[in-house]
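# What the coordinates show
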Amino acid sequence: MVWSIFLVLSSGLTVYSLIEIQERRAGVYYVDEENKLPDELHPTVEDKKNQLIEEAADEGIDVVITDEVRSIEEQDEIYERGRSREGDIVTNAEGGESYHNYGLAVDFALRTEEGNLSWNTERDGNQNGQADWEEAAEIAKSLGFEWGGDWESFRDYPHLQMDFGLSVRELQNGKRPKAEPLDD
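Source: prediction; values computed, not measured.

## Focus on the overall build of the chain
For the chain, the count of helices and strands is five helices and seven strands. Reading the secondary structure of the chain in the N-to-C direction produces β-β-α-α-β-α-β-β-α-β-β-α. A total accessible area of about 11,200 Å² is found for the chain, and carbon and sulfur atoms account for 46% of it.

## Topic: the side chain of N126
With respect to the helices, strands and loops of the structure, N126 is situated in the loop between β5 (117-118) and α4 (132-142). A polar atom in the side chain of N126 sits 2.7 Å from the backbone oxygen of E59. A polar atom in the side chain of N126 sits 3.3 Å from the side chain of E135. Beyond its immediate sequence surroundings of up to four residues, N126 is in contact with E59, G60, I61, D132 and E135.

## A few points about helix α3 (residues 72-80)
Those residues of α3 not exposed but buried are I72, Q75, I78 and Y79. Buried residues along α3 cover an arc of 125° about the axis, so they all sit on one side. Elements in contact with the buried residues of α3: β3 (62-67). Count one or two residues on from α3 and you reach G82, which has phi positive near 80°.

Cut-offs used in this document
Within each chain, residue numbers correspond to sequence positions counted from 1 in written order. Local features in a predicted model are, by the rule used here, given only for residues with pLDDT of at least 70; side-chain atom pairs are given and counted only at 80 or more, and totals for whole chains, interfaces and linings are based on all residues. In computing side-chain properties, one takes all heavy atoms of the structure into account and sets aside hydrogens as well as water. Where helices and strands are cited, they refer to DSSP runs of H or I of at least four residues and of E of at least two residues respectively, numbered from the N terminus. The method behind every accessible area is Shrake-Rupley, applied with a 1.4 Å probe, and residues are considered shielded solely by the protein chains displayed. Under the rule applied, a polar contact is a pair of N or O atoms within 3.5 Å (in protein, one hydrogen donor and one hydrogen acceptor; residues adjacent in sequence only if both atoms are side-chain atoms). Contact between two residues is taken to exist if any of their heavy atoms lie within 4.5 Å; hydrogens are not considered. Summary of the burial criterion: residues with accessible area below 20% of their type's maximum are buried, those above 50% are exposed, and those between are partly exposed, where the area comes from a 1.4 Å probe applied to protein chains only. It is the directions from the helix axis to the C-beta atoms that the arc portrays.

The analysis is restricted to geometry; functional conclusions fall outside its scope.
And the structure:
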């Protein structure tokens, strides 16, 4: 005989069996078609990303977006760097635990005059006395992004995200921010 244990969660009376909860922990995600994992950035994040690039360019800073939406598998591969794969640890988020998986985050670098990508957080390429990286981060924050360089536990300087008030757990459970019409 097979027994299923059902839990009723207070947030919207969602019912999950114990088996489903275990599968979620193992990386199997149950999201309905309306709330499936995205394959592109949330429209607001896309718009603000483009504004960041434009506003930084006005300050003589060439912001290059190096990563946007990631699949669960891509996130797991990145997570394994510095753990089971060669390289430095670059994230503490496994697949499904990153805002990249939900189209709510981007990573960036800065392009030098020579055309190379730089992650040097102290470089002052526009020679105004302030690190270009800090300037780009300040512009991003003014546009509503949270900057990974402000995090206490794991500073992720290339990372920008918008969580729209949603936790990763809520996103894993199928909640998605609405795509509100953008102001012109």
